Amino acid sequence: MAPTLTTPTAPGREPSLATRGPARPRHARPALLLIAAVAAVAFCWDWENARYHAFYADAVRSMAGSWKAFFYGSFDPAATITVDKLPGYLWPQALAARVLGFHTWTLLLPQAIEGVLSILVLYRAVRRWTGANAALLAASAFALTPIVAGLFRTVTEDALFTLLLLLAADATQRAVTDGRLRHLLAAAAWVGLAFQAKMVEAWAVLPVLGLVYLYAAPVALRTRLVRAGTAAAVALTVSLSYITVVALTPAADRPYIDGTTGNSVFSMVFGYNFLTRFQGIGVSTAQIGTVAAQSGSAGSDGGPFRLFWGEFGTQIAWLYPVALLSLCCGLLWRRGRPRTDRGRSGYLLWGGWLAVFTLVLSTGSVNGHTYYLGVLAPPLAALTGAGLAAFWRAFRAGGRHAWALPTAIGTTAVWALVQSMRYPLYLIWAAPTAMVLAGAAIALLLFGKNGRLVAAGAALGLVAMLLTPAAWSASVFQTRYGHSWLGTVGAAGLRDGKSVSGVSGKLDKEQRRLYAYLTAHRQGAKYLMATWSWSAATPYILAKDASVLPLGGYSGLVPSTTLAQFQRYVTAGQVRYALVPAKVHTGNSAAVEISAWVRTNCAPVQGQAKGLGKLYMCGGAEQRVSPGSGSPPQ
């Protein structure tokens, strides 16, 4: 059911924003709870068949069993190497797995909760800005955006990141309205926490929040400058607190930092996860102490307009026309208002957020990771909600701004048809139906003889605008479409007829036999075995919580273990077995040296597991090991 639009104002006047307090309509809370409940069902639907990226699921499994692994975000249970990101976004998952056990649903539960909370925070922020009905429209638009339906059912950093930035925006709006320092400091703290989830990307919104406060807060300029500077210091302090602690910890007392060649957390955050994402600036990975974070380039994602077309467009771009129209009209219609005008400051805040992240994601290397787009959904939804409410008031007022509502309905429906052209055989009925509904809505708005027909036209127009993205979002209820670890939903989530997914992490027959053999012959070694890739270690970590020594990190290029360290592990009895693949990544000289040493100095185990590599036993006097009970197959 579409939320009820606001009541009309006197003809000829541009309506003011709704006020806080008792003026909230009685239907607001039940409608919000309904929106949140429907979204929660979508986020949680068919969890047991959902997929996740096994690399980060490994880390959750490891972090759930060890507080040291938890703090550092270790990939493996023995806390040998971290994941290639800060662990803040994985802490909720690890806590859930620690308390409730490690299952697919405990991996995904925190993201679903973060999604519902994002809806509630967005509603609160927009309600304070422009009223409850606009907030309900914003919450509906957010929940029905395809990337939102996919994002909050995956194990990615962007779910928590989106929630934390929404909290920062909400606190900034309060600071701009009442001028209080505590709200501005709260916003800074939320940005600092968002840094723990998504690192430097969290800072992209800081200029927007700071400039909006400096421009519109109802206090003296000097006070605004001092408070903005204080908030910036708080944001910086909270952001850098964790990585400073890690950097000051001796390397021998913590895991190796993935993504780096020098074991530096600062290189991982600012080099591997920031500078290497913008390949056009020509930064050498050798200069910043990292390996390459992406195999592709920005151009491989479709160029600077990639967000508005194709695979990315179908996940996020549906509401760009109405959001941009809302932003333009909101700023133009409120020109001449006082500097502290709450309506204009809201448009500046949400419009600035949208502009900054559109620019960042259009120029950086997204490389197919559609869940990166989730951060665009809040400003698009907020501007859509505020714009539609304002357009309705202007239309009912009958003044010179009455054109905006029919224009928004028509352009959004046409844009939905354009977006659908990339996948002409998917939901073939949706975009044409939206076009028909939009035409009928515009006809009722323009030629309706009474208020009921006009209201029906507005409601029909809302349905027309949200129908196609809602239909794409509903694909999460279909196993064939709804389980991409990338957060992609609908036809864009298919590759060669199969749903995009992460690795399941379950042991197959050969892996079970190998695990049984290694367990029986481990002789107290710290590590079950050494492997030359994280993917080779994954099944044993996820299924058995086994301490496997992974060489090479996520990329396979990280010198996390040197030959000298490996030899010390063998001498100390910490590593007894090594599973060497047929081909070792030549880009990692340490891994190549270790594999050559193992082949020369360790004894091959006869009957190695088929397709898993060649198993060697190190540190013993035997030259050849017979398979025995529980051994790998011949």
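None of the values given here were measured: they were computed from a predicted structure.

About the criteria used
Residues numbered from 1 in each chain as written. Predicted model: local features only at pLDDT ≥ 70, side-chain atom pairs only at ≥ 80, totals over all residues. Heavy atoms only, no water. Helix = DSSP H or I, 4+ residues; strand = E, 2+ residues; numbered from the N terminus. Patch = residues over 30% accessible without salt bridge, like charges linked within 9 Å, V, L, I, M, F, W, Y side chains within 5 Å. Areas by Shrake-Rupley, 256 points an atom, 1.4 Å probe, with all protein chains shown as cover. Salt bridge = Lys/Arg side-chain N within 4 Å of Asp/Glu carboxyl O. Lys, Arg positive; Asp, Glu negative; His and termini not counted. Charge placed at Lys NZ, Arg CZ, Asp CG, Glu CD. Core = buried A, V, L, I, M, F, W, Y, C linked by side-chain atoms within 4.5 Å. Buried < 20%, exposed > 50% of the residue type's maximum accessible area, 1.4 Å probe, protein only. Contact = heavy atoms within 4.5 Å. Disulfide = S-S within 2.5 Å. Axes fitted to C-alpha atoms, helices over the stretch in contact; angles between N-to-C directions. Parallel < 35°, antiparallel > 145°, perpendicular 65-115°, else oblique. Left-handed = near helix turned anticlockwise from the far one by under 90°. Nonpolar A, V, L, I, M, F, W, Y, C, P; charged D, E, K, R; others polar. Expected span 1.5 Å × (residues − 1). Pairing = 2+ DSSP bridges. Phe/Tyr/Trp six-rings, centres within 6.5 Å; stacked < 30°, edge-to-face > 60°. Lys NZ or Arg CZ within 6 Å of the ring centre and 35° of its normal. Polar contact = N/O pair within 3.5 Å; in protein donor to acceptor, adjacent residues only side chain to side chain.

**Thoughts on unusual backbone geometry**
In this structure, Ala 79 is a non-glycine residue whose phi angle is positive, near 60 degrees. Relative to the assigned elements, Ala 79 resides in the loop between α3 (67–72) and α4 (91–100). We note that Asp 545 has phi near 55 degrees; this positive angle belongs to a residue other than glycine. Secondary-structure assignment places Asp 545 in the loop between α22 (534–544) and β4 (549–550).

**Quick notes on a positive patch on the surface**
A cluster of like positive charges, contributed by Lys 509, Arg 512, Arg 513 and Lys 544, occupies part of the molecular surface. Take the positive patch: its biggest share by element is 3 residues, from helix α21 (residues 509–521). Considering the arrangement of structural elements, one finds Lys 544 in helix α22.

**Side note on the nonpolar core**
Formed by 170 residues in total, the largest nonpolar core has its most connected members in Trp 350, Leu 376 and Phe 391. Here the element with the most residues in this core is helix α17 (residues 377–397); it accounts for 13 residues. In contact with Phe 391, other than residues within four places in its own chain, are Val 322, Leu 325, Ser 326, Cys 329, Trp 333, Ala 404, Leu 405 and Ala 408.

**Brief notes about the pattern of salt bridges**
A side chain of one charge can pair with a side chain of the opposite charge if their charged atoms are brought near each other. Under the criterion given, the structure shown has 8 salt bridges. Among the ionic pairs, Lys 198 bridges to Glu 201, the shortest N-O distance being 3.9 Å. The same class applies to Lys 198 as to Glu 201, namely buried. Between Arg 334 and Asp 341 there is a salt bridge; the shortest N-O distance is 2.8 Å. Just as Arg 334 is buried, Asp 341 falls in that class too. Bridged by salt links that share partners, the residues Glu 157, Asp 158, Lys 198 and Glu 201 form one connected network.

**Quick look at the state of the cysteines**
Each disulfide consists of one covalent bond between the sulfur atoms belonging to two cysteines. For the coordinates displayed, the defined rule picks out 1 disulfide. Between the sulfur atoms of Cys 602 and its disulfide mate Cys 618 the distance is 2.0 Å. Note on the Cys 602 and Cys 618 pair: the S-S dihedral is about 105 degrees, so by sign convention the disulfide is right-handed. On the criterion of sequence distance, the pair formed by Cys 602 in the loop between α24 (589–601) and β6 (603–604) and Cys 618 in the segment after β7 (614–617) is long-range, its members being 16 residues apart. Considered together, Cys 602 and Cys 618 belong to a single accessibility category, that of buried residues. In this structure Cys 328 is not part of a disulfide, and its nearest cysteine sulfur, from Cys 329, lies 6.8 Å away. Classification of Cys 328 by relative accessible area gives partly exposed; the value is 45%.

**Focus: the packing of helix α19 (residues 430–447) against helix α20 (residues 451–473)**
Interaxial distance between α19 and α20 falls to 8 Å at its minimum, and their mutual angle equals 165 degrees. It follows that α19 is roughly antiparallel to α20 by the angle criterion. For the crossing formed where α19 meets α20, the hand is left-handed. Residues Ala 430, Ala 431, Thr 433, Ala 434, Leu 437, Ala 438, Ala 440, Ala 441, Leu 444 and Leu 445 of α19 form the contact with α20, whose own contacting residues are Leu 453, Val 454, Ala 456, Gly 457, Ala 458, Leu 460, Gly 461, Val 463, Ala 464, Leu 467, Thr 468 and Ala 471. Taken together, the residues of the contact of α19 with α20 sort by class into 18 nonpolar, 4 polar and no charged.

**Observations regarding the packing of helix α15 (residues 320–333) against helix α16 (residues 342–363)**
Running from N to C, α15 and α16 cross one another at 140 degrees; their axes reach a closest spacing of 10 Å. Classified by the angle their axes make, α15 and α16 are oblique. Crossing angle aside, the handedness with which α15 passes α16 is left-handed. Contacts between α15 and α16 pair Tyr 320, Leu 324, Ser 326, Leu 327, Gly 330 and Leu 331 from the former with Arg 344, Tyr 347, Leu 348, Gly 351, Leu 354 and Thr 358 from the latter. Partitioning the contact of α15 with α16 into residue classes produces 7 nonpolar, 4 polar and 1 charged.

**Let's talk about helix α2 (residues 54–65)**
Across its 12 residues, α2 extends 17 Å between first and last C-alpha, which sits within 8% of the 16 Å expected from 1.5 Å per residue. Counting buried positions along α2 yields 11 of 12 residues, so the element is predominantly enclosed. Among the structural elements, α3, α4, α5 (104–130) and α22 are those in contact with the buried residues of α2.

**Section: the sheet that holds β7**
Overall, mixed pairing links the 5 strands, which are arranged β4-β3-β5-β7-β6 in an open sheet. Each of the sheet's edge strands pairs with one partner strand only, and the pair in question is β4 and β6. Bridging between strand β5 (residues 577–580) and β7 involves 4 bridges; their strand directions are antiparallel. Bridging from a neighbouring strand, Val 580 pairs with Lys 614 of β7. Contacting β5 and β7, α21 crosses the sheet at an angle of about 155 degrees to β5.

**Focus: the packing of aromatic side chains**
Describing an aromatic ring pair means giving the distance of the ring centres and the angle of the ring planes. Here the structure, examined in full by the defined rule, presents 32 aromatic pairs. A ring pair is formed by Trp 203 and Phe 270, whose centres lie 6.0 Å apart and whose planes are at 40 degrees; its orientation type is tilted. Of this pair, Trp 203 sits in the loop between α9 (181–198) and α10 (206–216) while Phe 270 is found in helix α12 (residues 265–272), placing the two residues 67 residues apart along the sequence. Of the residues examined, Phe 270 reaches a relative accessible area of 25% and is grouped as partly exposed. An aromatic cluster of at least three residues, connected via ring pairs, comprises Phe 55, Tyr 56, Phe 75, Tyr 89, Trp 534 and Tyr 554. The lysine or arginine in question, Lys 198, covers the ring of Tyr 372, its NZ or CZ lying 4.1 Å from the ring centre.

**Here we look at the pairing of β7**
In this sheet, β7 lies alongside β6 in antiparallel orientation, the contact comprising 2 bridges. When the sheet's bridge partners are listed, Pro 604 is paired in β7 with Tyr 616.

**Digging into the side chain of Asp 84**
Position of Asp 84 relative to the elements: it lies in the loop between α3 and α4. At a separation of 2.9 Å, a polar atom in the side chain of Asp 84 contacts the side chain of Tyr 56. Within polar-contact distance, the side chain of Asp 84 engages the side chain of Tyr 272 at 2.9 Å. Among all residues touching Asp 84, those that are not within four sequence positions of it are Phe 55, Tyr 56, Asp 258, Met 268, Tyr 272, Asn 273 and Tyr 554.

So far we have only geometry, and geometry alone does not tell us how the molecule works.
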